[in-house]
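# Per-entry structural report
Single-letter residue listing:
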Amino acid sequence: MRRLNKKKALNFVKELDAFPKVPESYVETTASGGTVSVLAFTAMALLAFFEFFVYQDSWMKYEYEVDKDFTSKLRINIDITVAMRCQFVGADVLDLAETMVASDGLQYEPVVFDLSPQQRLWHRTLLLIQNRLREEHSLQDVLFKNVMKGAPTALPPREDDPTQPLNACRIHGHLYVNKVAGNFHITVGKAIPHPRGHAHLAALVSHETYNFSHRIDHLSFGEEIPGILNPLDGTEKVSADHNQMFQYFITIVPTKLQTYKVAADTHQYSVTERERVINHAAGSHGVSGIFMKYDISSLMVKVTEQHMPLWQFLVRLCGIVGGIFSTTGMLHSFVGFCVDVVCCRFKLGVYKPKSMSDFDGHVNSLTPLLSENTEH
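So, a few notes on the structure that sits alongside this text.

Scanning the protein from N- to C-terminus turns up 5 helices and 15 strands. Within the span of the protein, comprising 376 residues, buried residues form 32% of the whole. Taken as a whole, the protein presents about 25000 Å² of accessible surface, with 61% of it coming from carbon and sulfur.

In this section: the pattern of salt bridges. Scanning the entire structure with this criterion turns up 10 salt bridges. For E51, the salt bridge goes to R316, with nearest N and O atoms at 2.3 Å. Separated by 265 residues along the polypeptide, E51 in helix α2 (residues 31-56) and R316 in helix α5 (residues 310-348) bring together distant segments of the chain. By relative accessible area, E51 is classed as buried at 9%. Assessed through its relative accessible area of 36%, R316 is described here as partly exposed. E275 serves as the salt-bridge partner of K237, at 4.0 Å between the closest nitrogen and oxygen. In this pair, K237 is assigned in strand β11 (residues 235-237) and E275 in strand β13 (residues 263-277), connecting sequence segments 38 residues apart. Through salt bridges with shared partners, a single ionic network connects R120, R215, D217 and E236.

Glancing now at the nonpolar core. Core analysis: the largest hydrophobic core is formed by 35 residues, its most contacted members being F184, I186, L219, I250 and M292. Every element with two or more residues in this core is listed here: β2 (73-82), β3 (89-95), β6 (168-178), β7 (182-188), β10 (214-222), β12 (244-258) and β14 (289-296). Here the element with the most residues in this core is β2; it accounts for 5 residues. Look past the residues within four positions of M292 in its chain and what remains in contact with it is I80, G182, N183, F184, I216, L219, Y248 and I250. By size, the runner-up hydrophobic cluster in this structure holds 8 residues, among which are M60, I228, A264 and V301.

For the rest of this paragraph, the subject is the state of the cysteines. The final tally for this structure, using the stated rule, is 1 disulfide. Note on cysteine connectivity: C86 is disulfide-linked to C169, with sulfurs 2.3 Å apart. The disulfide joining C86 to C169 has a torsion of about 105° about its S-S bond and is therefore right-handed. Here C86, found in the loop between β2 and β3, pairs with C169, found in strand β6; they are 83 residues apart in sequence, far enough to count as distant.

Turning next to the pairing of β12. Here β12 runs beside β13; their pairing, made up of 15 bridges, is antiparallel. Paired with Y248 across the bridge in β13 is E273. Where β12 hands over to β13, the hairpin turn is made up of 4 residues, counted between the paired strands. Bridge analysis of β12 against β14 gives 8 bridges, and the strand direction is parallel. Following the sheet pairing, Y248 is matched in β14 by M292. In this structure, β12 lies alongside strand β15 (residues 299-307), joined through 4 bridges in parallel fashion. Paired with K256 across the strands is K302, a residue of β15.

Under the definition given, this model contains 4 aromatic pairs. Between F221 and Y294 the ring centres are 6.1 Å apart and the planes differ by 50°, which places this aromatic pair in the tilted class. A residue pair is termed long-range when its members are at least 10 positions apart, and F221 in strand β10 and Y294 in strand β14 qualify at 73 residues. Overall, the relative accessible area of 3% leaves Y294 in the buried class.

On the surface, L46, F49, F50 and F53 cluster together into a nonpolar patch covering about 430 Å² of accessible area. As for its position among the elements, F53 is in helix α2. The class of F53 is partly exposed, set by a relative accessible area of 45%.

Attention shifts here to helix α3 (residues 117-135). The end-to-end C-alpha distance of α3 is 28 Å, a good match for the 27 Å that 19 residues give at a rise of 1.5 Å each. Within α3 the residues assigned to the buried category are Q119, W122, H123, L126, Q130 and L133. Down the axis of α3, the buried set is contained in an arc of 100°. They therefore lie on one face. Every exposed residue of α3 that faces more than 90 degrees away from the buried side is listed here: P117, L121, R124, L128 and E135.

Position of L331 among the secondary structure elements: in helix α5. Look at L331 and you get exposed, because its relative accessible area is 52%. Residues L331 and V36, 295 residues apart in the sequence, show an inter-C-alpha distance of 9.1 Å.

About the thresholds
- Along each chain, residue indices are assigned from 1 in the same order as the chain's sequence is written.
- It should be noted that, the model being predicted, local features are given only for residues of pLDDT at least 70 and side-chain atom pairs only at 80 or more, the latter also being counted only at that level, while totals for whole chains, interfaces and linings use all residues.
- Remark: hydrogens and water are excluded; side-chain values derive from all non-hydrogen atoms of the structure.
- Each helix corresponds to a stretch of at least 4 residues labelled H or I by DSSP, and each strand to a stretch of at least 2 residues labelled E; elements are numbered beginning at the N terminus.
- Relative accessibility decides the category of a residue: with a 1.4 Å probe and only protein chains considered, values under 20% of the type maximum give buried, values over 50% give exposed, and everything between is partly exposed.
- Residue burial considers only the protein chains on display, and all accessible areas are found by Shrake-Rupley using a 1.4 Å probe.
- Salt bridge, as used here, is a side-chain nitrogen of Lys or Arg placed within 4 Å of a carboxyl oxygen of Asp or Glu.
- By convention a nonpolar core is built from buried Ala, Val, Leu, Ile, Met, Phe, Trp, Tyr and Cys residues, the set being connected through side-chain atoms within 4.5 Å.
- Throughout, a contact is declared for two residues whenever any of their heavy atoms are within 4.5 Å.
- Two cysteine sulfur atoms make up a disulfide if the distance between them is within 2.5 Å.
- Each pair of strands is called paired provided DSSP finds at least two bridges between the two strands.
- Ring pairs are drawn from Phe, Tyr and Trp, using the six-membered ring of Trp, whenever the two centres fall within 6.5 Å, and their geometry is named by plane angle: stacked under 30 degrees, edge-to-face over 60, tilted for the rest.
- Any residue with relative accessible area above 30% and no salt bridge may belong to a patch, with like charges joined within 9 Å and the nonpolar Val, Leu, Ile, Met, Phe, Trp and Tyr side chains within 5 Å.
- Every helix has an expected span of 1.5 Å times one less than the residues it contains.
- Note that the arc is computed from the directions linking the helix axis to the C-beta atoms.

What follows is the structure in structure tokens.
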């Protein structure tokens, strides 16, 4: 009687168990299940590894708004070498209101126009980088994220003492101008202030000495940031005539740069070029020299470096794990069903046709007939 009560109690306890039991066939170890598990865990590890690199990476976000700062000054950073002696050339800025800007921040340094072998190698490398930037604009984001970290963009000093005469003039420094359209130019003779503008004292310079072949080692606007390449950096022009004019039409866009390494107010710009020979007899009028006409855009660009938040990374990681588990489970079940149908059921004869034939309501001869019991 006690054994019977004990058995009933055990059955009652089993019925109260709220957790379902997994059938033994579900936990049975098979070669196919092990292979699927290995593949699933390998895929999860690879995707999680690549997702971690995506989480570590950052991207640049561009926003546009109206530039409301009209009172501040615009800084122009200049480093240009002209193939003329310093006493023959002068550089200054004339803005839209015909106001001459003082060029006290510029220095005139006698140099050799031809580059040394090391400088020429640097210059060719810079031109290759500029060509890649024109073809692939996404490389600009790489430069923004690596500011203050990359190689210097200034022309390296000569590694040897020049034996040639100092036949060129390096004009470098910076100027502060009003945030209006203007014209920075380098032409023959020093600038002379004039009530109605300005003029250059060019009467004492012979036309045979005119040579406005030049190299722009650096030209930027706003705060100067190491590691940022500008469109005109590395530009080199060789004059084919004494009376030749080089024109650069520049559109400046104020830019606020905010990265994890630096925060600066700088300016980007785009440029178009034109050059022509001054020939008054042929109707080509003007003044020989280098003219950079710039205009400032009313829109400002905010460039911000952004990073994937941690919660988004964890959600994507959970999605990878759950998605692979679900997908591999469904594929394993489907493949197992197909194998069971193809390899097992046909062998067992489940789908073999039965040799049944009904004739006048009677079964065929293969079916045993029931005989009536006869009494002997």
